[in-house]
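# Descriptive structure summary
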Amino acid sequence: MTETGDIQEPLYQQVKRDLVAAISRGEYVPDEPFISQREVCERFGVSTTTAVRALNELVTEGYLVRQRGRGTFVAERQASPPAARERSIAYIMHGHGPHNSDIIDGIESVCAELGYRMFLSNTKGSAALQEKALRQALDTHAGGVALYPVDSHPDSPALSELRSRGVPVVMLDRYYPEVPSDAVLFDNYAVGYRLTEYLIGQGHRRITALWDATDCTSVQERLTGHVQSLREHGIPIAPELTALTTYLRLPDERRREMLAGLLDRAQPPTVLLCANGYVLAHAATDLTAMGVEVPGQVELAGMDDAGPFDLLPLTVAAAHLPSREMGERAMRLLAERIDRAGQPLEVEHVVLPIEIRTRESASAYLRVVAAESA
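Computed from a predicted model, the values in this text were never measured in an experiment.

With that settled, consider unusual backbone geometry. Cis peptide bonds are those with omega within 30 degrees of zero, and the linkage from Val-294 to Pro-295 qualifies with -10°. Summarising the element assignment, Pro-295 is placed in the loop between α12 (277-290) and β10 (299-302). Despite not being glycine, Lys-124 shows a phi value in the positive range, around 55°. As for its placement among the helices and strands, Lys-124 is situated in the loop between β4 (117-122) and α6 (127-139). Notably, Asp-173 is not glycine yet its phi reads approximately 75°, a positive angle.

Right, let's get into the pattern of salt bridges. Charged atoms that come close allow side chains of opposite charge to pair. Using the criterion set out here, one finds 25 salt bridges in the structure. Arg-332 serves as the salt-bridge partner of Glu-113, at 2.7 Å between the closest nitrogen and oxygen. Of this pair, Glu-113 sits in helix α5 (residues 98-114) while Arg-332 sits in helix α13 (residues 323-339), and the two are 219 residues apart along the sequence. For Arg-165, the salt bridge goes to Glu-161, with nearest N and O atoms at 2.5 Å.

The next point concerns the packing of α6 against helix α7 (residues 157-165). One way to put it is that α6 packs onto α7 with a least axis distance of 8 Å and a crossing angle of 30°. When the interaxial angle is binned, α6 and α7 end up roughly parallel. For the element pair α6 and α7, the recorded crossing hand is left-handed. Each of Glu-131, Leu-134, Arg-135 and Leu-138 in α6 lies in contact with α7, whose residues at this interface are Pro-157, Ala-158, Leu-159, Glu-161, Leu-162 and Arg-165. Each residue belonging to the contact of α6 with α7 can be placed in one class, and the counts come to six nonpolar, no polar and four charged.

Here we take up α12. Its 14 residues place the ends of α12 20 Å apart at the C-alpha level, agreeing with the 20 Å of an ideal helix rising 1.5 Å per residue. Its buried side turned inward, α12 meets β8 (207-210), α11 (252-263), β9 (271-274) and β10. Sitting at the head of α12, Asn-276 places a side-chain oxygen 3.0 Å from the backbone nitrogen of Tyr-278. Once α12 finishes, Gly-291 follows within two positions and takes phi at roughly 80°, a positive value.

Once that is clear, we can look at the sheet that holds strand β11 (residues 317-320). The mixed open sheet is built from five strands, whose spatial order is β8-β9-β10-β11-β13. Sheet topology places β8 and β13 (355-358) at the edges, where each strand pairs with a single neighbour. Across the sheet, the mean angle from the axis of one strand to that of its neighbour is 25°, orientation sign disregarded. Sheet topology note: the β9/β10 ladder contains four bridges and is parallel. Counted as the bridge partner of Val-271 is Glu-299 from β10.

This paragraph deals with the sheet that holds strand β12 (residues 349-352). An order of β4-β3-β5-β6-β7-β12 is seen for the six strands of this open sheet, with the pairing classed as parallel. The open sheet has two free edges, formed respectively by β4 and β12, since each of these has just one partner strand. Each strand of the sheet is rotated relative to its neighbour by a mean of 15°, with strand direction disregarded. In this structure, strand β6 (residues 169-172) lies alongside strand β7 (residues 182-186), joined through three bridges in parallel fashion. When the sheet's bridge partners are listed, Met-171 is paired in β7 with Ala-183. Sheet strands touched by α5: β3 (88-93), β4, β6 and β7. Its angle to β3, the strand with the most contacts, is close to 175°.

What follows covers empty space enclosed by the protein. According to the stated counting rule, one finds one cavity of 30 Å³ or more in the structure shown. Of the volumes computed, that of the largest cavity is approximately 80 Å³. Around the largest cavity sit Arg-17, Ala-90, Phe-119, Ser-121, Ala-133, Gln-136, Ala-137, Thr-140 and Ala-142, which together line it. It is α6 that provides the largest number of residues to the lining of the largest cavity, a total of three residues. Here the lining of the largest cavity is composed, by residue class, of five nonpolar, three polar and one charged.

On to the layout of surface pockets. Its boundaries defined by the atoms lining it, the largest pocket holds a volume of some 590 Å³. Contributing elements (two or more residues each) for the lining of the largest pocket: α5 and α9 (217-232). The element best represented in the lining of the largest pocket is α9, accounting for three residues. Residues belonging to the lining of the largest pocket are distributed by class as follows: ten nonpolar, eight polar and nine charged.

With that settled, the discussion passes to helix α3 (residues 48-60). A rise of 1.5 Å per residue sets the reference length of α3, with its 13 residues, at 18 Å; its end C-alpha atoms lie 18 Å apart and thus fit the reference within 8%. Just downstream of α3 lies Gly-62, where phi reads positive at about 90°.

This model, assessed by the stated rule, comprises two aromatic pairs. Against the face of Tyr-12 rests Arg-53, its NZ or CZ located 3.8 Å from the ring centre. Positioned over the ring face of Tyr-116 is Arg-87, at 4.1 Å from the centre of the ring.

Across the six residues that make up β3, a large majority, six, are buried. With six bridges connecting them, β3 and β4 associate as parallel partners. Paired with Ala-90 across the strands is Phe-119, a residue of β4. Note that the unit made of β3, α5 and β4 has a crossover that is right-handed. Relative to strand β5 (residues 144-147), β3 runs parallel, the two sharing four bridges. Note that in β5 the partner of Tyr-91 across the bridge is Ala-146.

Basis of the calculations
Residues numbered from 1 in each chain as written. Predicted model: local features only at pLDDT ≥ 70, side-chain atom pairs only at ≥ 80, totals over all residues. Heavy atoms only, no water. Helix = DSSP H or I, 4+ residues; strand = E, 2+ residues; numbered from the N terminus. Salt bridge = Lys/Arg side-chain N within 4 Å of Asp/Glu carboxyl O. Axes fitted to C-alpha atoms, helices over the stretch in contact; angles between N-to-C directions. Parallel < 35°, antiparallel > 145°, perpendicular 65-115°, else oblique. Left-handed = near helix turned anticlockwise from the far one by under 90°. Contact = heavy atoms within 4.5 Å. Nonpolar A, V, L, I, M, F, W, Y, C, P; charged D, E, K, R; others polar. Expected span 1.5 Å × (residues − 1). Polar contact = N/O pair within 3.5 Å; in protein donor to acceptor, adjacent residues only side chain to side chain. Pairing = 2+ DSSP bridges. 1 Å grid on protein atoms, 1.4 Å probe; cavity = no way out; pocket = protein on both sides within 12 Å on 5 of 7 lines; lining within 4 Å. Points joined across faces, edges and corners; volume = space filled by probe spheres on them. Phe/Tyr/Trp six-rings, centres within 6.5 Å; stacked < 30°, edge-to-face > 60°. Lys NZ or Arg CZ within 6 Å of the ring centre and 35° of its normal. Buried < 20%, exposed > 50% of the residue type's maximum accessible area, 1.4 Å probe, protein only. Right-handed = clockwise from strand over helix to strand, strands pointing away.

Here it is in structure tokens:
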């Protein structure tokens, strides 16, 4: 068990989670000696301090008991989970960066207010890791799950089991249309519509959209808003400019070939409308490598500011997402569902308004130019 550059739960919590899952599977039973502190260190590759904290908290939460002169044992469990477990939630995140950090801050602030403990997992966009994290939420008897789902809708036995057990799930940013679930979303239709409307107002009529993920509701809603705005302003829909095909996930050479093909057209786009901040950052890098000036030869705009750094100075305009509010609203909705467990409730989708920020509102703006060769 090692630490990575991604935001993740502390090591002692990971150890606790795995040990609780092992207890739930019956690997350790009452009245038999539990794994020792030294064995925890060896098995998980952690320090003595981490092992001691994990074991102490399992004792405090009622999973283990210590018997003087005998050692540590699995506690006899009641039919229903203890209160400590009922006051825990799992947040299964997708990716990293300031956007995700703000969501986590929002969830943590409400957890602290309401007395919940949060366990964090990062799927890194992997359906397999998402299924593993959902299974861990089941094994550890989390009171509820906040899920930032991966693209598309992978078959998920764990998600189905959570629903059958009545464990509330609140999705963030996007949702699976086939799964009735509460969700907290940005107004993604407005992102595509209002940003396109602003660009048209600035004189742009040849707008190319560059995408990252393509099989998720947030992207599809942004595309719908973009296309509707073009139609309302009498601009023909050019499939090659609006096609829902990935740009970010291509190798460097393929991305630059794609941009070169667009910019070499008889009527090239005057602005590249990037699906998110990471697409925009890669587009700026690729254009620099190609010797294209931004602004000058082409402009950049962002459908959100969820990127590796503040991208507004690079853009003519970008949508600002209230990420922290998303975390707060999702946790409050999840806590409400936990408190009302067993009651028939209508599925609720909370849609948060977005803001369009323009270059004029930035304290400064950046110009991207190619470096001169020696």
